[in-house]
Every structure is written in structure tokens, then in C-alpha cells.
Amino acid sequence: MNKDFTAYLIEPSAGTYVRVDSENRLKSIYGLIGCSLIDAVHIGNKHLVYCDDIRLGDGLHSVSELVGHPAPLAGNLVVTGLDEDGDTVAPHQTINAIADMFSIVRPVFDPVF
């Protein structure tokens, strides 16, 4: 079928290029995110961001906010492109253009002594 393709892995501390196995796309994305249940959020009609569906919970050190999306996204995120048939492919924009759509939020708590 298709060859493996590049996707973007957005971690709270960095963004990197990763390879997605085209034969096992979902399994590959689960492994990159580090979860067993994912959700996909559309970025326009040419990109998807995959995230952990149940990560918003205790022990969370940061979240990512996506411009125009009402809820924060937690944990590692994988951004892919979409082709005209709706299949996942390499992103159509640069990693810098995609990164500009996200803000990493690290809550700071003021300890009380």
C-alpha cells in the first residue's frame, strides 16, 4: 500500500519528527503517544492531531492548547496530514507552522507554608 510517512510528535517539552508505520497506523500512533485509547481532533480539513483520550487526570504536569479548540489536550500528541480520501499522510505544513497552532501550558502553583 503506502510507504511509511513522517508525522510530528508534540511533547510538552519538545516537538520532533517521527515515522508512522503505514501498515499499522493506529498501533504506531498508540505507541508514540503512550496510551491505549486515543481521540482525533481535526485541524482544519487537512490535518489531525491524535491525543490520549483519558490523559487529563492526576499527575499531569502540562497540557497543550490548540488554537480554536475549546478543551486542552494532554500528554504527547501526534499530528498527521489528511489526503483527499481522508487517509492519514505526512503533514502538509512544516513543523514550525504546526507548532504555532499550539501553546504548552505548565501550571505553576504557589506553595503555602
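The following refers to the structure shown. (Residues numbered from 1 in each chain as written. Predicted model: local features only at pLDDT ≥ 70, side-chain atom pairs only at ≥ 80, totals over all residues. Heavy atoms only, no water.)

## So, the environment of valine 20
Note on placement: valine 20 falls in strand 2 (residues 14-20). For valine 20, a relative accessible area of 0% gives the class buried. Along the chain, valine 20 and alanine 90 lie 70 residues apart, while their C-alpha atoms are 8.9 Å from each other. Here valine 20 is in contact with Asp4, Phe5, Ala7, Arg25, Ser28, Ile29 and Leu32, once residues within four sequence places are set aside. (Helix = DSSP H or I, 4+ residues; strand = E, 2+ residues; numbered from the N terminus. Buried < 20%, exposed > 50% of the residue type's maximum accessible area, 1.4 Å probe, protein only. Contact = heavy atoms within 4.5 Å.)

## Looking at the sheet that holds strand 5 (residues 63-66)
Reading across the sheet, the 3 strands line up as 6-5-9 and stay open at both edges, with antiparallel pairing between neighbours. Across the chains shown, the open sheet's two edge strands, defined by having one partner strand only, are strand 6 (73-74) and strand 9 (102-105). Where strand 5 and strand 9 come together, 4 bridges link them in antiparallel fashion. The partner of glutamate 65 across the bridge, within strand 9, is serine 103. (Pairing = 2+ DSSP bridges.)

## Comments concerning helix 1 (residues 25-33)
Here helix 1 has its buried residues at Arg25, Ser28, Ile29 and Ile33. The arc enclosing the buried residues of helix 1, seen along the axis, measures out at 125°, which places them on a common side. Those residues of helix 1 that are exposed and aimed more than 90 degrees away from the buried face are Lys27 and Gly31. Backbone geometry just downstream of helix 1 places glycine 34 in the positive-phi region, at approximately 85°. (Arc of directions from axis to C-beta.)

## Things to note about the pairing of strand 1 (residues 5-11)
The buried fraction of strand 1 amounts to 5 of the 7 residues, a majority that puts the element mostly inside the structure. When strand 1 meets strand 7 (residues 77-82), the two strands line up antiparallel, connected through 3 bridges. Each bridged residue has a counterpart across the sheet, and for leucine 9 the counterpart in strand 7 is valine 78.

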